[in-house]
Structure formats: structure tokens, C-alpha cells
Amino acid sequence: MKLIYRDKTWELRGGMTVRDAIIKVGLDPEAVLALRAGVLINEETILGDDDEIKLVGVVSGG
Amino acid sequence: MAAINLRHHRLRLCSEHLVAWTPKQVARAIVKYRMFAPTDRVLVAVSGGKDSLTLWDVLLHLGYQADGVYINLGIGPAGGYSDLSQAKVEAFAAAHPEARLTVVDLARQYGATVPELVKERRGRHPCSVCGLVKRHIMNRLARESGYAAIATGHNLDDEVAVLFQNTLRWNISYMARQGPVLPEGPGFARKVKPLIRIRERESAAYALVRGIDYIYDECPHAEGAATLFYKEIINQLEARSPGMKESFYLSFLEQRARYDLFRQERQELAMHPCERCGQPTTAPSICAFCRLWLSSAERRRLRDIGQEFP
């Protein structure tokens, strides 16, 4: 499974939740949202080996 | 299938319910804090980011007469941050013909971009120049065009981070004024924050689900901002005790009102009209905005004749 955030890409094994995947790559689950094929998916969704997940940052500094 | 978990509310919402839930939260805040009336005209300060476009979308959805103002600050190269943001705002406005968009181009209308002004005033942080410029222009437009209030996209996370920072520094004068509403005063338009009950995660989710095309990039000047660091810490606290953000901020507002805290600091400062633009100022003759542009023009004049600004 592929996790993409800004210019970074991580390859992970499927079978874990979105939240666990985000934590595994060292990001804060509160600070990103996950999209699969452009659709928002919640943090408890279990990811498959072939999934490609795009993470969108939600924290603004202004 | 749930699109988002709102742990602090013990809610799991699908896209459809998120789109219904968000305006309800905004409507509650508008009524609770008496931000504006249903027939009022509101000016939404739009940046092209998730919060301001979400706010504009929600206000229109709720039936408010909400117009937008975008200020192109000239940040980034041509086609860069400011231009991209403007394109997003214009695309949103084009899809909502019931709303009017005013675009103010700082370089074209005033003569310099924010980075140019900052370069001239070495040592001054871009965010302080940017804030000064935006406050002045928005206030002027709101007053001249008869808007009942300026609505900004500040969300719960923004407000919690500011309160956290102000509390750490015991910045009483800011703590006295921080809140969902900054009432109008002589020469000052009312300012409101209708997203006060919405977290930035929820605001971004709403924008994504509604298909609002917003700018993902952060302003390049925000990199390393203290607010980002505070938000990180607050998110860690929130992960341990869900609901901490609401409790910290909303209890602060309640206790301040209940015990009439910081009464002295809330007293109005003596204001008079700026001799140049007429907007209110505490400065003796001309306001900080006019001083900024006068010194900028003078610097450019002196530079053109090979002299240095004193």
C-alpha cells in the first residue's frame, strides 16, 4: 500500500488502519486527512495492499 | 460509511452528514454569540485556504448575503502562492454568482507587495506587515460598503492556539479582547469568527467533501510559526483527553464573562481619525498603515536619487 504526503511516498503492508499507517510513518493523525481515490476515508478504515492513500495536511499556521 | 470520526463529539459522520452537520455548528455559533442578523450583509475575508472558503460556502448555504474580499499580497513569484490563492478564490466566486467578490491587488493599487514592504523594513516580521495591511483594507471596505460585519475563517484550533500562547505569556491585553466577536467601534467594523465551534480538521474535511478547490500550500512566511508548534502540543493534549480544546477555550470565555475579568484592559483606547486616510488610530497624527506607505514611497524616492532612508 502506498501513502503519499506532499512530496513523500511510503510503501507499507496492507491490513492496518489509516490511523496506524499515519502513526507508522511518523505523522500526527490529528494533523492530516486521508483520501482514497479522491474520497475521504475515516481513520479506522483498514487498508488493502493495493490502496493508494493521499494525505492532506489540515494544520494552518496563520 | 463514515468519512470522519469526531471523537470529542462521539460522532462518526459520512460525507452527507458532515455537510449537514457543519452549517448547523456554524449557525449555532452565529446565534449564540450574536454575530449578525439573518438579513445583514457580511464580508468574508477569503484567502483561498480551506477555512475561509469553507466559511464562505457555509454562510451562502445558510442563506446569508455573504460577499468575499481577497487581498493579493504579492507573496511568491508570478503564478506562485498569492496568484494561485487568488485563482482558487475567483473559481469559487464564479461558481457562486449570488455572491460578490472584491479583489484588492496590493502592488497595483498601493504600489508594493508585502515582501517588498518587508524588505524595505528590515527586522519587521512579514506576518505583522501582512496583518496591518489586511486589517486596514478589510475595515475600510466593510465600512465604505456598509457591511454589518467582517467574517474571518478563524477556527477552534486557531483560537485555542492563540489563547494557549497568550496564557503562557500572560498577555492580559490580548486575553481581554480575544473572542468570537470583536464589536464595532467608532470607525471600526464588527469582526466575527463563525467557525469558532469547528476544528480545522473538520473544516478541511467539509471543503474536501464539498469539492471546494482550496490551496493546500501554507503561506511560505508561516513556516516555523510559533502557532504550528503550539498546535502540535495541543493536539497531543487533545489525543489524551478528547474535548480538551473546547473545554480550554469555551470555559475561558465563560469564566471571563462570569467574573468580568480583565475589565480594565477592555476599556477603549482613545482614538482619533488618521489625518491622511480618516481611519481610527491611537497614533498622534497618521495611522500605522499610512506611515508604512509613506515611508515606503520615501524610501523608493531616495533610492531613485541614490540616497539612503534615514
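Student: Describe the overall build of chain B, naming the residues involved and giving the relevant values.
Tutor: Scanning chain B for helices and strands turns up 13 helices and ten strands. Against the globule reference of 19 Å for 310 residues, chain B gives a C-alpha radius of gyration of 20 Å, in line with a compact fold. Along the first, second and third principal axes, the C-alpha set of chain B runs to 65 × 45 × 40 Å. Every one of the 310 residues in chain B was classed for burial, and the buried ones make up 49%. Across chain B, every contact between residues at least 6 apart in sequence was considered, and the portion connecting residues at least 24 apart equals 68%. About 15,700 Å² of surface is accessible on chain B, with carbon and sulfur atoms providing 52% of the total.

Student: Break down the interface of chain A and chain B for me, citing the residues and quoting the values.
Tutor: On the side of chain B, 27 residues touch chain A, which itself brings 20 residues to the contact. Here chain A meets chain B over a buried area of about 2,100 Å², counting both sides, of which 50% is carbon and sulfur. Inspection of the region where chain A meets chain B yields three salt bridges. Among the ionic pairs, Glu43(A) bridges to Arg7(B), the shortest N-O distance being 3.2 Å. Where chain A touches chain B, the interface holds eleven residue pairs in polar contact (both at pLDDT 80 or more). Mapped onto the side of chain A that touches chain B, the elements with two or more residues apiece are strand S3 (32-36), strand S4 (39-41) and strand S5 (52-57) of chain A.

Student: Describe the domain arrangement of chain B, naming the residues involved and giving the relevant values.
Tutor: Residue and element names in this part refer to chain B. Entries for chain B in the domain assignment read domain 1 (4-215 + 225-268) and domain 2 (270-310). With centres defined by C-alpha atoms, the gap from domain 1 to domain 2 works out at 28 Å. In this assembly, 19 residues from domain 1 lie in contact with 15 residues from domain 2. The contact between domain 1 and domain 2 buries some 1,400 Å² in all, and 65% of this surface belongs to carbon and sulfur atoms. Together, Glu120, Arg121 and His136 form the three largest contributors to the area buried by domain 1 at its contact with domain 2, with a combined 40%. At the boundary of domain 1 with domain 2, the tally comes to zero salt bridges. For the interface between domain 1 and domain 2, the tally reads three residue pairs in polar contact (both at pLDDT 80 or more). For the side of domain 1 that touches domain 2, the secondary-structure elements that each account for two or more residues are helix H4 (106-110), helix H5 (114-120) and helix H6 (126-144). Top element by residues in the side of domain 1 that touches domain 2 is H6. It accounts for seven residues.

Student: Break down the pairing of S3(A) for me, citing the residues and quoting the values.
Tutor: Residues and elements named next belong to chain A. Among the five residues that make up S3, four are buried, leaving the element largely enclosed by the rest of the structure. Across five bridges, S3 lies against S5 in antiparallel orientation. Bridge pairing links Arg36 to Ile53 in S5. Both S3 and S4 contribute to a ladder of three bridges, which runs antiparallel. Each bridged residue has a counterpart across the sheet, and for Arg36 the counterpart in S4 is Val39. Once S3 ends, the chain turns through two residues before running back antiparallel as S4, passing Ala37 with a positive phi of about 50 degrees.

Student: Which residues make up the packing of aromatic side chains, and what values go with them?
Tutor: All names here are of chain B. The final tally for this structure, using the stated rule, is nine aromatic pairs over all chains. Their ring planes at 90 degrees and their centres at 5.0 Å tell us that Phe36 and Tyr64 sit as a pair that is edge-to-face. Here Tyr64 lies in the loop between helix H2 (50-61) and strand S4 (65-72) and Phe36 lies in the loop between helix H1 (15-32) and strand S3 (41-45), a separation of 28 residues in the sequence. Both residues of the pair, Phe36 and Tyr64, count as buried. For the pair Phe164 and Phe248, a centre-to-centre distance of 6.4 Å together with 70 degrees between the ring planes defines the contact as edge-to-face. Of this pair, Phe164 sits in helix H7 (residues 156-168) while Phe248 sits in helix H11 (residues 244-258), placing them 84 residues apart in sequence. A residue is classified by how much of its surface remains accessible, and Phe164, at 16% relative accessible area, is buried. Among the aromatic residues, those joined into a ring-pair cluster are Phe164, Phe229, Tyr230 and Phe248.

What counts and what doesn't
Residues numbered from 1 in each chain as written. Chains lettered and ligands numbered in written order. Predicted model: local features only at pLDDT ≥ 70, side-chain atom pairs only at ≥ 80, totals over all residues. Heavy atoms only, no water. Helix = DSSP H or I, 4+ residues; strand = E, 2+ residues; numbered from the N terminus. Rg over C-alpha atoms; globule rule 2.2 N^0.38 Å. Buried < 20%, exposed > 50% of the residue type's maximum accessible area, 1.4 Å probe, protein only. Contact = heavy atoms within 4.5 Å. Areas by Shrake-Rupley, 256 points an atom, 1.4 Å probe, with all protein chains shown as cover. Buried area = accessible area lost by both parts, 1.4 Å probe. Salt bridge = Lys/Arg side-chain N within 4 Å of Asp/Glu carboxyl O. Polar contact = N/O pair within 3.5 Å; in protein donor to acceptor, adjacent residues only side chain to side chain. Domains from an automatic or database assignment. Pairing = 2+ DSSP bridges. Phe/Tyr/Trp six-rings, centres within 6.5 Å; stacked < 30°, edge-to-face > 60°.

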